[in-house]
Structure formats: structure tokens, C-alpha cells
Amino acid sequence: MAGEQSDRSDGQEQVGEAPGEQALGGRDRLKAYVLLALTVGAVILCALLALPFLPSLTWALALAILFTPANRWLEHKIGSRDIAAGISVALIGVIVVAPATYLFGRITSQAASGAQMLSETVATGAWRTSLQKSEYFAPILDWLEQVNFSGVFDAFASWLTDASASFVTGSVMGVISLVLTFYLLFYFLRDRLSALDYLRGISPLTAPQTEALFKRIQDIIYATLYGTLTVALVQGALGGLAFWWLGLPAPLLWGTVMGLFALVPVLGAFVVWIPAAALLALEGSWEKSLILIVWGAVIVGGIDNVLYPMLVGRRLQLHTVPAFIAILGGLFFFGASGLLLGPMVVAVTIFLFEVWHVEQRGVGPTERGEP
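Since this is a predicted model, take the numbers as computed values, not measurements.

What counts and how
Residues numbered from 1 in each chain as written. Predicted model: local features only at pLDDT ≥ 70, side-chain atom pairs only at ≥ 80, totals over all residues. Heavy atoms only, no water. Helix = DSSP H or I, 4+ residues; strand = E, 2+ residues; numbered from the N terminus. Buried < 20%, exposed > 50% of the residue type's maximum accessible area, 1.4 Å probe, protein only. Contact = heavy atoms within 4.5 Å. Areas by Shrake-Rupley, 256 points an atom, 1.4 Å probe, with all protein chains shown as cover. UniProt positions renumbered as here; feature names shortened; annotations may be inferred. Salt bridge = Lys/Arg side-chain N within 4 Å of Asp/Glu carboxyl O. Patch = residues over 30% accessible without salt bridge, like charges linked within 9 Å, V, L, I, M, F, W, Y side chains within 5 Å. Axes fitted to C-alpha atoms, helices over the stretch in contact; angles between N-to-C directions. Parallel < 35°, antiparallel > 145°, perpendicular 65-115°, else oblique. Left-handed = near helix turned anticlockwise from the far one by under 90°. Nonpolar A, V, L, I, M, F, W, Y, C, P; charged D, E, K, R; others polar. Polar contact = N/O pair within 3.5 Å; in protein donor to acceptor, adjacent residues only side chain to side chain.

Caption draft 1: Focus on the overall build of the chain. Looking only at helices and strands, the chain has 14 helices and zero strands in total. Put simply, the chain runs from its N terminus to its C terminus through helices and strands in the order α-α-α-α-α-α-α-α-α-α-α-α-α-α. Here the chain holds 371 residues, and 29% of them are scored as buried. For the chain, the proportion of contacts with a sequence separation of at least 24, taken over those separated by at least 6, is 70%. Of the roughly 23,200 Å² of accessible surface on the chain, 70% is carried by carbon and sulfur atoms.

Below, the structure written as C-alpha cells:
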């Protein structure tokens, strides 16, 4: 009997403890939800604070990843992280800023001369003479005469004036952003190891998944800058060379425009050289038009098929459609830094979906190595 009473008393105590434990568990869950809400709110506020500096942060991160091997070599030789980072930033500044400043001055000059040439062409009616010489396009001259080209050009000149003012303002902000980029780059190079250790410590992913995510981001940056950007620069240079060789105006300007179009999947340098070939045909320069078509289709277009697999390979890991959306959407929302941010956002999102897929299938990180 005593044993039965003892068993009953133990059972009563256990039953009596359940509401307290439930209340304690409820308070813990409430604290966890409050902490989660505060954390999400703090992250959102930090993101808003960092948003004005997002371009500088993006390019500083990209340059730090690209030049980390060289900076690591300098650290080994010099023995000081501060001095090695300072030398690296100075060298990167010479490599990046000097050519960019020269090209900026030349492109601005050619854009001004091109606008003046367009003004003279419209004012003197030289385009009418070109059409009259062509037996194929002369019949449409009467239809074109009905178009008020003077009014169209006046509107274009007004837009060009406004755009120039905005461009000057943007250039000043660009210089400030560039200075901030190199300021951040110094700390990204000097403190990269402690920053990576901190990110590993706070990451909710497993260690192999975290390393795989770091590698995915690194591959995206390498593929975009070493692959996509290099191919676009080569295509723009080849297109500009053809313009210079054929005597077309502003070859450096149009070469730069072709390079920019070459950055976008589906589009390409042909957006510029096809209209230029058509204009040459309008003027009766059929030989030059044919040369430009062959050069653009075979050399400018073909170099993409040669260089891109060599420089990118499988690093980008994005299909053409997601890559197109990532680059155009990134450029639309983030400006020039969207060239990197767009593919990075899409690639990280796909990576996280892969992590969820792996977790749902119950495949451990040691079995897969990475998602």
C-alpha cells in the first residue's frame, strides 16, 4: 500500500509540474520570438544605413577577392598586414584609376565631337544627299521630308544638355564613391581573415555549406569580372578598332558602347555595328558595310565563343535566362554595381534553395560536401 501511495504521489507531482513547464516553455518561445523580431528589425535598419554605400561596398569586396592572392604574397614578404594592404590599395588605384581617367576624358571628347557632327549633318541636310545617291532608299526620301528633323534635333539637344548636367553631378558622386571604395578596400584586405572567421561563427549553415557559399560568391565575382567583363572589353575594343579602321566617327565612344551592350546576355555589340553597317550602305559605301558586317559577325561575335569558356567555364553556374534577369535587374536597381550584385543575389538565392532541398531529402552535409 505504501508503494502504491508513493507511486500516486510521484504521478501527482509529475502532473503538477506540467503546467509550470508549459508556462516556462511558452515564455522561452515568446523571448525567442521577441529576439527574432528585434534581430530582423536591426538587420533592416543596418541595411538601410548601408544602402547609400552599397556600390562602394560591392566593388571593394570584389577587388578584395580578386587581389587577395597578391596581397597575401605581400604580407608574406613584408610581414605587416597594414603596409601590405596599403601597397595593394595603391597598386590597384594605379591599375584601375589611371586608365579609367584617360578613357573618360577621351570618351567625353568624342561624344562632344559626335554631337557637333550630328548637328552639322542635320543642319546642312547631308543625310538627304546620302539618300538621294542610293537608288534603293531614294523613294523613301519624300516620306522622310515630312518629318520635322529640326524639332527632333532641338529636343535631342535639350535632352543632351540636361543629361550632361546630370552626368557632371554623377561624376562628382562617382569620385566620392571611388574614394570610399578604396578606403573600404584597405580594411577588407587587412582584416579579411577575422571577418571570414566572424561570418563563419554567426552563419546558420553548417561549416561545409558556409564554405560552399563563400566559394559560390567568389566564383560569381571571378566569372563576372574575369569572364564577362573581360570578354565585353575585348569585344568593345575590336568593335572600336573596326570603326577607327573604316573611318567612322567616335570609335572609342562606340567601342565603349559596344562593350557595355556585350555585358548583357542576349544583347551584344551587334546592337551598335549593325546600324553602323546600314548607315554605310545608305551612303553607298558597300565595301565598308560588308567589311563591318563580316568583322562584327565573325571576329567580334566569335571571340565570345572562344574566350568565355576559357575564362568562365562553369564558375557562373547560371542559365542564360537567370543570368539575363540578374544582370539587367541588377543594373536597373543598383546601377553599375548591379553588374556584380545581380548575379550574386540570384546565385545565393539558388544556393539557399539547394540547401533547403538537401535538408528536406535528409542528406547530411558530410554526404554531399556542399549543396
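And the narrative resumes.
Caption draft 2: Structural view of the UniProt feature "transmembrane region" (unreviewed entry) in the chain. Those places that UniProt annotates as "transmembrane region" (unreviewed entry) correspond, in this numbering, to residues 32-51, 57-74, 83-104, 167-189, 220-246, 252-282, 289-311 and 323-353. The span residues 57-74 is 100% helical and 0% strand by assignment, and the distance between its end C-alpha atoms comes to 23 Å. This span, residues 323-353, is 90% helix and 0% strand, and a straight line between its end C-alpha atoms measures 17 Å.

Caption draft 3: Fine view of the pattern of salt bridges. Counted by the stated rule, this structure contains seven salt bridges. Note that Glu-211 and Arg-200 form a salt bridge whose closest N and O atoms lie 2.4 Å from each other. In this pair, Glu-211 is assigned in helix α8 (residues 207-245) and Arg-200 in helix α7 (residues 192-202), connecting sequence segments 11 residues apart. Judged by its relative accessible area of 33%, Arg-200 falls in the partly exposed class. Across the salt bridge formed by Lys-215 and Asp-219, the nearest N and O atoms sit 3.0 Å from each other. Note that Lys-215 and Asp-219 are positioned in helix α8 at a spacing of four residues, about one turn of the helix. What makes Lys-215 partly exposed here is its relative accessible area of 43%. With relative accessibility at 6%, the residue Asp-219 sits in the buried group. Overlapping salt bridges, with partners in common, bring together Asp-82, Arg-190 and Asp-191 in one network.

Caption draft 4: Region of the structure containing a nonpolar patch on the surface. Together, Leu-36, Val-40, Ile-44, Leu-45, Leu-48 and Leu-51 make up an exposed nonpolar region whose accessible area comes to about 590 Å². By secondary structure assignment, the location of Leu-45 is in helix α1 (residues 2-50). Judged by relative accessible area, Leu-45 falls into the exposed class, the value being 55%.

Caption draft 5: View of the packing of helix α12 (residues 320-334) against helix α13 (residues 338-361). Between α12 and α13, the least distance of the axes is 7 Å, while the angle of their chain directions is 130°. The orientation of α12 relative to α13 falls into the category oblique. As α12 runs across α13, the sense of the crossing is right-handed. Residues Pro-322, Ala-326, Ile-327, Gly-330, Leu-331 and Phe-334 of α12 pack against Gly-338, Leu-339, Leu-341, Gly-342, Pro-343 and Val-346 of α13. When grouped by side-chain class, the residues that make up the contact of α12 with α13 number nine nonpolar, three polar and no charged.

Caption draft 6: Seen up close, the environment of Tyr-222. With respect to the element layout, Tyr-222 can be found in helix α8. One polar contact links the side chain of Tyr-222 to the main-chain carbonyl oxygen of Ile-65, over a distance of 3.5 Å.

Caption draft 7: The packing of α7 against α8, seen in detail. Where α7 contacts α8, the two axes come as close as 10 Å, and the packing angle between them is 130°. By the angle between their directions, the pair α7 and α8 is classed as oblique. Pair α7 / α8 crosses with right-handed handedness. On α8, the residues touching Leu-196, Leu-199 and Arg-200 of α7 are Thr-210, Glu-211 and Phe-214. Among the residues making up the contact of α7 with α8, the classes are represented as three nonpolar, one polar and two charged.

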